[in-house]
Amino acid sequence: MSATESTINDLRQKERELKRKLNELREQRRKLIEELRELRNRKSELIEYVRNKREELRQIIDEKRKLQSELNKLREERKKALENFRKAKEEANKLRNEYELLVESVGLPERVIRKRIARLERRIETAPLNKDQEREIVMQISHYEALLQNLNRAKAIKRKLIEVMAEVEKWRFFVRDSGEKIGEIRERLSEIYNKISALKEELDRVRSEIEGINSEIQERSAKVDEMKKELEELRGQVKELQEQIRKKFETMVATSREVEEKLKKKLAEEALKKYKAGEKLSIEELRILYEVGLLEEIKSP
């Protein structure tokens, strides 16, 4: 094997090694690009997930604002209702005390008083009475009529008391009902606060994951770009080797042809000497003489 052939073989070995590295690097880059595609798809999914969660959070915050507004309104209404309840209760107590004092001051049922007045009136009408006795009976009748007036006042106060007690119960019911509603809203707000907190934590977690994916994308993108440069360098090296191999091969072929031509010329000269010496030439010797252009010398006289 000639030195040129050995060099060509070495160059081809290097070419095969470079192509192997080129294929390995190309496969690694392909895998990285596939990973990048998956990472970008995952990022898109997470961004859409975040968008939906933000919308959910916005709706929950809107609900929280509405409930908070309703809660503030109920608290204000309950505060006024409590004030009205206290006032009505104070008035009811005042009317009840006044009623009880009047009834206590009379000390007799209305039916008894009316009977006594009727009996005293009949006595005036039927019994012979002197002026002092008649005056005494009239004074008694006046006393009982005053008691009746107090009872009538007590009745009016009782009617008013019933009205006020109805007012008390109305405000008592409103205070109790609004208190229950306030409790329900607070419970719902507590659930909403927990949900808002959970959503914010989830959004923070996903945002952190997206940041991690961004870092991975940047890292892999840089690696892909770096591999692209390496591929270009390897392709350049392969191309350069192929060019070297081509030139070496062309040189080897040219050298082989030159050697072959010299050998043919030498063999032709030897054949020509044999012919001139009167020896018989073989077909191969005649062919060589023909190829080098010395056959004409044999044909010439």
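In short, a report on the structure.

Conventions and cut-offs
- Numbering of residues starts from 1 in each chain and follows the order in which that chain's sequence is written.
- Local features in this predicted model are restricted to residues of pLDDT 70 or higher, and side-chain atom pairs are both shown and tallied only at a pLDDT of 80 or more, whereas totals for entire chains, interfaces and linings draw on every residue.
- Derived side-chain values reflect all non-hydrogen atoms in the structure, with water molecules and hydrogen atoms excluded from consideration.
- Under the DSSP-based scheme used, a helix requires at least four consecutive residues in state H or I and a strand at least two consecutive residues in state E, with every element numbered from the N terminus.
- Atoms counted for the radius of gyration: C-alpha only. Globule rule: 2.2 Å times residue count to the power 0.38.
- Each residue is assigned to one of three classes by its accessible area relative to the maximum for its type, calculated with a 1.4 Å probe on protein chains only: buried under 20%, partly exposed between the two thresholds, exposed over 50%.
- Surface accessibility follows the Shrake-Rupley procedure with a 1.4 Å probe radius. Residue values consider only the protein chains on display as shielding.
- In summary, the charge assignment counts Lys and Arg as positive and Asp and Glu as negative, without counting His or the chain termini.
- Where a charge sits is defined by one atom per residue type, namely NZ (Lys), CZ (Arg), CG (Asp) or CD (Glu).
- For this analysis, a salt bridge means a side-chain nitrogen from Lys or Arg found within 4 Å of a carboxyl oxygen belonging to Asp or Glu.

Looking only at helices and strands, the protein has 5 helices and 0 strands in total. Ordered by position from N to C terminus, the α and β elements of the protein give α-α-α-α-α. On C-alpha atoms alone, the protein measures out to a radius of gyration of 63 Å, which is more than a quarter above the 19 Å that the 2.2 N^0.38 rule sets for 301 residues. The principal-axis extents of the C-alpha atoms in the protein amount to approximately 215 × 25 × 20 Å. A burial count over the protein gives 24% of its 301 residues as buried. Only carbon and sulfur atoms are counted for the fraction: they give 50% of the accessible area of the protein, which is about 21,800 Å². Here the protein contributes 75 positively and 65 negatively charged side chains, and the mean placements of these two sets differ by 5 Å.

Moving on: the pattern of salt bridges. On inspection of all chains with the given rule, the structure shows 26 salt bridges. Glutamate 110 serves as the salt-bridge partner of lysine 155, at 2.6 Å between the closest nitrogen and oxygen. Placement of lysine 155 in helix H3 (residues 131-276) and of glutamate 110 in helix H2 (residues 110-126) is noted, with a sequence separation of 45 residues between them. By relative accessible area, lysine 155 is classed as partly exposed at 36%. Under the relative-accessibility criterion, glutamate 110 is labelled partly exposed at 23%. Here aspartate 204 ties to arginine 207 by a salt bridge, and the two come within 2.8 Å at their closest N and O atoms. In this pair, aspartate 204 and arginine 207 are both assigned in helix H3, 3 residues apart and thus about one turn of the helix distant. Relative accessible area serves as the criterion here: at 44%, aspartate 204 is assigned to the partly exposed category. Taken together, the salt bridges that share partners define one network made up of Arg42, Glu45, Glu202, Arg205 and Glu209.

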